[in-house]
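Fold and contact review
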Amino acid sequence: MPVSPEDIKNVALLARLSISTSDLAEVTERFGRVLQLVDELNTIDTSEVMPMSNPHDMEQRLRQDAVTETNNREALMASAPAQEQGYFLVPKVID
Amino acid sequence: MVDTKLLTTPVSQLRQLLQERDISSVELTQAYLNQIDAVNGALNAVITICREQALEEARVADAQLAKGQAKPLTGIPILHKDIFCTHGVRTTCGSRMLDQFIPAYDATVVSKLKAEGVVVLGKCNMDEFAMGSSNETSYFGSVKNPWNLDCVPGGSSGGSAAALAAGMAPLVTGTDTGGSIRQPASLCGITGLKPTYGRVSRLGIIAFASSLDQAGPMARTAEDCALALTVMAGVDAGDSTSADMPVPDFHAALNTDIEGLRIGLPREYFNDDLDDAVRNRVMTGLGELEKAGATLVDIDLPHSHYAIATYYVIAPAEASANLARYDGVRFGHRCDKPKDLVDLYLRSRSEGFGEEVQRRILVGTYALSAGFYDAYFNKAQQVRRIIAQDFHRAFEDVDVIAGPSAPGVAFPFGAKQQDPVAMYMEDIYTLAVNLAGLPGLSTPAGLIDGMPVGLQLIGKPFDEQTILNMAHRLQLDTDWHMAHPNLEISAS
């Protein structure tokens, strides 16, 4: 199924990526090549096949809901690009 | 004068030298740091050098060695792929997004090796977020192949492979989502092992595609890989997909006879598309295994053809979910003066991620979006099962499956960069192994016009032992694994 530059712009917004107008044609063309490659999947019958999300069909292992980590807030906050008084700073969201 | 002999000595022999006190860990560490200083300008294989920390760790290792408290890898220097979180040491994942990221904890692989007393020399360059097969997508620039500086080292663990080949470390770590250990190992002439999915904890490995990612060792010999895997493997409370399976001492069983083992050669790998020179080297290697008592049999993996299409839906889909965490808020790159929250997300991500990473996020987002989920993601997961079943059926009759590691030798820079699909074909023999969650190993099989080529051995789930034993046997009978480029490398 061919994709249009409009489709790419919509997917980019969903993915929170911005594509400049000058790049859009090339991005669309290369995206189309990848899509053409994966469209090959349509040539195989999978009607009776269960999807495989884990190669060993492993069940999710659960653990006790207990605290295992110590408070590491200072060290973790040190990676934030902008912070104030222990909070992450973001542009104003609500007027 | 470069001490080529020392810098190409396998870990198995270095540890004897250390334990017999013929050399100290400080001397060994200094020798590798000197080689890094001498050749990294030309190769660009290492992003961060941990000079002082490494020498301090070496002093601690020497003290343990002196007290006779050494473990098998105590005092051995290592370079980690820059995808493994290292406490207090910058971890970039080859991306501008994490250019300044300093983790607050160690990956389980890093802490297990640290507990063993290995010495961390630094962090290796890689394709951005491990997405690439040539190391050309790194924000920190391409890595050069030490065998020919005009050629790529492979990827995504290309920095690790080039560093090992160039004598910058005797042991390196890598990760493999679709071939990222085996393909660069092949192109740089070293041994690389991707363990079974779940064998090694993924905690602290920056996520690309969570149902495919595995970490493994890269070294000069299968014996060294066996030593390292024994330390790296094991269930981890911090990774609920790590397998709760006993970890054998892979090194202890390495000399098990391979006589009578059956090696399957998929007709789909050895078809007319296979390069004649690669076929010749791979068959020569398999001939050696035959002489050692193994039997070669033709097998079928009838759905091999679909592996690339399946992978390039599943891996980007998982990547698009994993990389959603880079939002410019909690860590990672943030754009200047965002005008609102959406602008912050859009610009931080578009500035922070390179072209290939953005393409895969787009493809993955598309494959998961409303209206396309069934046609792409669900469909790919169904085909994934069919591909895995091919392997399981084949393993009813054979012990190991063999083939090439990569379609050719290292190629020149830029040769495949303009066409994403041409680049994806580099992993045509490795991707399916990740989809099926199997262990795979690349061992050197000689040179083609002076450039190395690898032989791939694929094992049953959790049977790394048999492929290690087979590669070890091949390395006892041949010396292809000891071939190395000239270690006196200078920028041209």
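Structure first, text after, so check above.
Residues numbered from 1 in each chain as written. Chains lettered and ligands numbered in written order. Predicted model: local features only at pLDDT ≥ 70, side-chain atom pairs only at ≥ 80, totals over all residues.

Moving on, we get to the overall build of chain A. Tallying secondary structure elements over chain A gives three helices and two strands in all. Along chain A, helices (α) and strands (β) appear in the sequence α-α-α-β-β when read from the amino end. Relative to the compact-globule value of 12 Å for 95 residues, chain A shows a C-alpha radius of gyration of 22 Å, a clear excess of over 25%. Each of the three principal axes of chain A carries a C-alpha extent, and together these read 55 × 45 × 25 Å. Evaluated residue by residue, chain A yields a buried proportion of 14% over its 95 residues. (Helix = DSSP H or I, 4+ residues; strand = E, 2+ residues; numbered from the N terminus. Rg over C-alpha atoms; globule rule 2.2 N^0.38 Å. Buried ≥ 20, exposed ≤ 12 C-beta atoms within 10 Å, placed from the backbone.)

Glancing now at the overall build of chain B. Counting its regular elements, chain B contains 16 helices and eleven strands. Computed over C-alpha atoms, the radius of gyration of chain B comes to 21 Å, within 12% of the 23 Å expected from 2.2 N^0.38 for 492 residues, which places it in the range of a compact globule. C-alpha atoms of chain B, sized along the principal axes, occupy 65 × 55 × 45 Å. Long-range pairs, those at least 24 residues apart, make up 77% of the contacts in chain B between residues at least 6 apart in sequence. (Contact = placed C-beta atoms within 7 Å.)

On to the packing of helix α2 (residues 21-38) of chain A against helix α10 (residues 307-322) of chain B. Helix packing for two helices is described by the angle between their axes and how far apart those axes are. Direction vectors running N to C along α2(A) and α10(B) enclose 125°, while the axes themselves pass 8 Å from each other. In terms of their interaxial angle, α2(A) and α10(B) are classed as oblique. Only Ile308(B), Ala309(B), Tyr312(B) and Val313(B) of α10(B) make contact with α2(A), whose side of the interface consists of Val34(A), Leu37(A) and Val38(A). Considering only residue class, the contact of α2(A) with α10(B) consists of seven nonpolar, no polar and no charged. (Axes fitted to C-alpha atoms, helices over the stretch in contact; angles between N-to-C directions. Parallel < 35°, antiparallel > 145°, perpendicular 65-115°, else oblique. Nonpolar A, V, L, I, M, F, W, Y, C, P; charged D, E, K, R; others polar.)

Take helix α6 (residues 158-165) of chain B next. Residue and element names in this part refer to chain B. Within α6, eight of the eight residues are buried, which leaves it mostly tucked inside the rest of the structure. Regarding α6, the residues found buried are Gly158, Gly159, Ser160, Ala161, Ala162, Ala163, Leu164 and Ala165. With its phi angle positive at about 75°, glycine 167 sits one or two positions after the end of α6.

Let's shift gears to the pairing of strand β8 (residues 295-299) of chain B. Residue and element names in this part refer to chain B. As paired strands, strand β7 (residues 262-266) and β8 are joined by five bridges and run parallel to one another. Directly across from glycine 264, in β8, lies its bridge partner valine 297. In this fold, the crossover linking β7 to β8 by way of helix α9 (residues 276-291) has right-handed handedness. (Pairing = 2+ DSSP bridges. Right-handed = clockwise from strand over helix to strand, strands pointing away.)

For the rest of this paragraph, the subject is the interface of chain B and chain A. In this assembly, 55 residues from chain B lie in contact with 41 residues from chain A. Counting only elements with at least two residues in the side of chain B that touches chain A, the list comes to α10, α11 (341-352), α12 (355-368), α13 (374-394) and α14 (420-424) of chain B. At eleven residues, α13(B) tops the list of elements feeding residues into the side of chain B that touches chain A. Looking at the side of chain B that touches chain A residue by residue, the class counts come to 30 nonpolar, 15 polar and ten charged.

Once that is clear, we can look at helix α4 (residues 51-66) of chain B. Every α-helix carries 3.6 residues per turn, so stepping three or four residues along brings you back to the same face. Residue and element names in this part refer to chain B. The terminal C-alpha atoms of α4, which comprises 16 residues, lie 22 Å apart, in line with the 22 Å expected from a rise of 1.5 Å per residue. For α4, the complete set of buried residues consists of Ala54, Glu57, Ala58, Ala61, Asp62 and Leu65. Looking straight down α4, one finds its buried side chains confined to an arc of 150°; they lie on one side. Within α4, the exposed residues directed more than 90 degrees away from the buried face are Glu52 and Ala66. Contacts made by the buried residues of α4 are with α2 (11-19), α3 (25-43), β2 (77-81) and β3 (119-124). Looking at the residues trailing α4, positive phi occurs at glycine 68, about 70°. (Expected span 1.5 Å × (residues − 1). Arc of directions from axis to C-beta.)

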